[in-house]
Amino acid sequence: MPTPLDKALNSKKAVIVFGGIVTAVAAWSIWGQNIFPKEGDPTGDPEKWTGEELRRWLAARNLHPSPNDTDEQLLERVKANMRTLRV
């Protein structure tokens with residue numbers, strides 16, 4: 001008399017699901033965890049950055065920009081937290 005384990009191993013659905021899981025894990029390990037890499041820091045003059053770039057720059061430094069901040073407020077915070085160049 002076949003056991004539930006025997007029935008599961010003989011099922012085509014189980015084999016297909018197992019194969020899909022193995023394929024997904026293999027793809028993940030080949031491509032790494034950065035399938036969708038994050039965008040880098042914006043470069044150039046902060047005066048010309050978009051609001052999204054200002055928010056991304058602040059968030060990358062754990063400065064937690066508020067969703068209610070205006071672009072002018074974000075720009076002030078970015079300028080206040082930028083490192084000054086040493087001569």
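Structure: above.
Predicted model only: the values in this text are computed from it and were never measured.

(A) Structural context of the overall build of the protein chain. Across its full length, the protein chain carries four helices and zero strands. Here the C-alpha atoms of the protein chain give a radius of gyration of 25 Å, more than 25% beyond the 12 Å that 2.2 N^0.38 yields for 87 residues. With respect to the principal axes defined by its C-alpha atoms, the protein chain has extents near 80 × 35 × 20 Å. Here the protein chain, with 87 residues, has 13% of them falling under the buried criterion. Summarising the internal contacts of the protein chain: among those between residues at least 6 apart in sequence, 18% fall at separations of at least 24. Carbon and sulfur atoms provide 60% of the accessible area of the protein chain, an area that totals close to 7,700 Å². Taking the average place of the 12 positive charges on the side chains of the protein chain and the average place of its 11 negative ones, the gap between the two points comes to 11 Å.

(B) Structural view of the side chain of Asp69. Looking at the element boundaries, Asp69 is found in the loop between α3 (51-60) and α4 (71-81). By relative accessible area, which is 19% here, Asp69 ends up buried. In this structure, Asp69 is in contact with Arg55, Leu74 and Arg77, ignoring residues within four places of it in sequence.

(C) Seen up close, the packing of aromatic side chains. One pass over the structure, following the stated rule, counts one aromatic pair. Consider the rings of Trp49 and Trp57, whose centres lie 6.5 Å apart with planes at 45°: the pair is tilted. For Trp57, a relative accessible area of 5% corresponds to the buried category.

(D) The nonpolar core, seen in detail. Counting seven residues, the largest nonpolar core is built from Trp49, Leu54, Trp57, Leu58, Leu74, Leu75 and Val78. Looking at this core, the elements that each hand over two or more residues are α3 and α4. If we skip the residues at most four places from it in the chain, Val78 touches Pro46, Trp49, Leu54, Trp57 and Leu58.

(E) Expanded view of α4. Residues Leu74, Leu75 and Val78 constitute the buried set of α4. One face of α4 carries all of its buried residues, which in axial projection span an arc of 100°. Turned more than 90 degrees away from the buried face of α4 sit Glu72, Glu76 and Ala80, all of them exposed. Check the buried side of α4 and you find it contacts α3.

Calculation criteria
Residues numbered from 1 in each chain as written. Predicted model: local features only at pLDDT ≥ 70, side-chain atom pairs only at ≥ 80, totals over all residues. Heavy atoms only, no water. Helix = DSSP H or I, 4+ residues; strand = E, 2+ residues; numbered from the N terminus. Rg over C-alpha atoms; globule rule 2.2 N^0.38 Å. Buried < 20%, exposed > 50% of the residue type's maximum accessible area, 1.4 Å probe, protein only. Contact = heavy atoms within 4.5 Å. Areas by Shrake-Rupley, 256 points an atom, 1.4 Å probe, with all protein chains shown as cover. Lys, Arg positive; Asp, Glu negative; His and termini not counted. Charge placed at Lys NZ, Arg CZ, Asp CG, Glu CD. Phe/Tyr/Trp six-rings, centres within 6.5 Å; stacked < 30°, edge-to-face > 60°. Core = buried A, V, L, I, M, F, W, Y, C linked by side-chain atoms within 4.5 Å. Arc of directions from axis to C-beta.

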